[in-house]
Amino acid sequence: MEMNKWKRFLEAALLILWVAGMFCYGRQDSSEWKESHSGIPDALSSVSSNNWQYLKVVANSDRLNDKEAFARKVIQMCRENSFHTIRFSTDINGYPSGLCITVYLNRKDLEKGRQVCEIEFRTEEYMEDCNIKDDVEKFHLYLDGKEIEVIAEAAKTCCS
């Protein structure tokens, strides 16, 4: 009888450990899923060259229904310096004078190199003294190489 109780105790302990392990694994997986489906864009990589900022941004979504609206949102976040993971260092060189942004749906697509679109925010001709924060009326927004009409006043008021 004594051996039977010990065996049941071990089985119960193993079952409890298994359930606890599954619960912990599920919580971790769940938080990753929530982040990758939040719909809030985030910059995961940033390189600066000649006062241009080159970004890799994840949409944290399954798809982009309106790429133009998404492009405007990302530019707004760049102008507000409001990405969760990366912040521009503006104390030495100020804000960038141009942006080149490669967009991915989520981190897994970034790892696999499956980009969704490319966004550029730049002046027609290079102007070293212009920046994305203070001179928005001089900038043009491009999505996959095609210019998108930007209402400069709307961009100015949302990000001032």
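Residues numbered from 1 in each chain as written. Predicted model: local features only at pLDDT ≥ 70, side-chain atom pairs only at ≥ 80, totals over all residues. Heavy atoms only, no water.

**Student:** Sorry, what's going on with the sheet that holds strand 4 (residues 115–122) here?
**Tutor:** The strands that make up a sheet are held in pairs by hydrogen bonds between backbone atoms, and each pair lies either parallel or antiparallel. Spatially, the six strands line up as an open sheet ordered 1-2-3-4-5-6, and their pairing is mixed. Two strands in the sheet have a free side with no partner beyond their single neighbour: strand 1 (42–49) and strand 6 (146–148). Averaged over all adjacent pairs, the angle separating strand axes in this sheet is 25 degrees, with direction ignored. Both strand 4 and strand 5 (residues 140–143) contribute to a ladder of four bridges, which runs antiparallel. In the sheet register, F121 faces strand 5, and the bridge partner there is L141. Set on the sheet, helix 2 (residues 67–80) makes contact with strand 2 (52–58), strand 3 (98–104), strand 4, strand 5 and strand 6; between it and strand 4 the angle comes to about 55 degrees. (Pairing = 2+ DSSP bridges. Helix = DSSP H or I, 4+ residues; strand = E, 2+ residues; numbered from the N terminus. Axes fitted to C-alpha atoms, helices over the stretch in contact; angles between N-to-C directions. Contact = heavy atoms within 4.5 Å.)

**Student:** Where do I start with the nonpolar core in this structure?
**Tutor:** One recurring pattern in soluble globular proteins is that nonpolar side chains are buried together. Of all hydrophobic cores here, the largest spans 29 residues; its most connected members are C78, I101 and I119. Of all the elements in the fold, those that place two or more residues in this core are strand 2, helix 2, strand 3, strand 4 and strand 5. The leading source of residues in this core is helix 2, at six residues. Setting aside chain neighbours within four positions, we find I101 in contact with L55, V57, V74, I75, C78, C117, E118 and I119. (Core = buried A, V, L, I, M, F, W, Y, C linked by side-chain atoms within 4.5 Å. Buried < 20%, exposed > 50% of the residue type's maximum accessible area, 1.4 Å probe, protein only.)

**Student:** Is there a simple way to think about the side chain of D42 in this case?
**Tutor:** One can find D42 in strand 1. Summary of buried charges: D42 has no salt-bridge partner, and the nearest side chain of opposite charge, R107, is 4.8 Å away. When neighbours within four sequence positions are excluded, D42 is seen to be in contact with K56, V57, V58, N60, F83, H84, T85 and I86. (Lys, Arg positive; Asp, Glu negative; His and termini not counted. Salt bridge = Lys/Arg side-chain N within 4 Å of Asp/Glu carboxyl O.)

**Student:** Is there a simple way to explain a nonpolar patch on the surface in this structure?
**Tutor:** Taken together, M3, W6, F9 and L10 make up a surface patch of nonpolar side chains, about 490 Å² in accessible area. Residue placement: M3 occurs in helix 1 (residues 2–36). The exposed category is assigned to M3, whose relative accessible area is 64%. (Patch = residues over 30% accessible without salt bridge, like charges linked within 9 Å, V, L, I, M, F, W, Y side chains within 5 Å. Areas by Shrake-Rupley, 256 points an atom, 1.4 Å probe, with all protein chains shown as cover.)

**Student:** Could you clarify how one ought to interpret the pattern of salt bridges in this entry?
**Tutor:** Two side chains carrying opposite charge are able to pair once their charged atoms lie near each other. Within the structure shown, the criterion is met by three salt bridges. Residue R122 is joined to E120 by a salt bridge in which the shortest nitrogen-to-oxygen separation is 3.2 Å. By relative accessible area, R122 is classed as partly exposed at 22%.

**Student:** Which parts of the structure should I look at to understand helix 2?
**Tutor:** One turn of an α-helix holds 3.6 residues; hence residues three or four places apart share an orientation. Helix length check: helix 2, at 14 residues, gives a terminal C-alpha distance of 20 Å against a target of 20 Å (1.5 Å per residue), a fit within 8%. For helix 2, the full list of buried residues reads F70, A71, V74, I75, M77, C78 and R79. Backbone geometry just downstream of helix 2 places N81 in the positive-phi region, at approximately 55 degrees. (Expected span 1.5 Å × (residues − 1).)

**Student:** I tried to follow the pairing of strand 5 on my own but got confused; where do I start?
**Tutor:** The side chains of a regular strand alternate between the sheet's two faces. Alignment of strand 5 against strand 6, held across three bridges, turns out to be antiparallel. Across the sheet, residue L141 finds its bridge partner in strand 6, namely I148. Counting the residues that bridge the hairpin from strand 5 to strand 6 gives two residues, and of these D144 lies at a positive phi of roughly 50 degrees.

**Student:** Explanation requested: the pairing of strand 3 in the structure shown.
**Tutor:** Taken across its seven residues, strand 3 has seven buried, putting it largely inside the fold. Residues G98, C100, T102 and Y104 line one face of strand 3 and the alternating positions L99, I101 and V103 line the opposite face, and both faces are buried. When strand 2 meets strand 3, the two strands line up parallel, connected through seven bridges. Each residue of the ladder has a partner; that of L55, found in strand 3, is I101. Each parallel crossover has a hand, and for strand 2 linked through helix 2 to strand 3 it is right-handed. Where strand 3 lies against strand 4, six bridges are found, and the strand directions are antiparallel. Counted as the bridge partner of V103 is C117 from strand 4. (Right-handed = clockwise from strand over helix to strand, strands pointing away.)

Geometric values such as these leave the question of function open.
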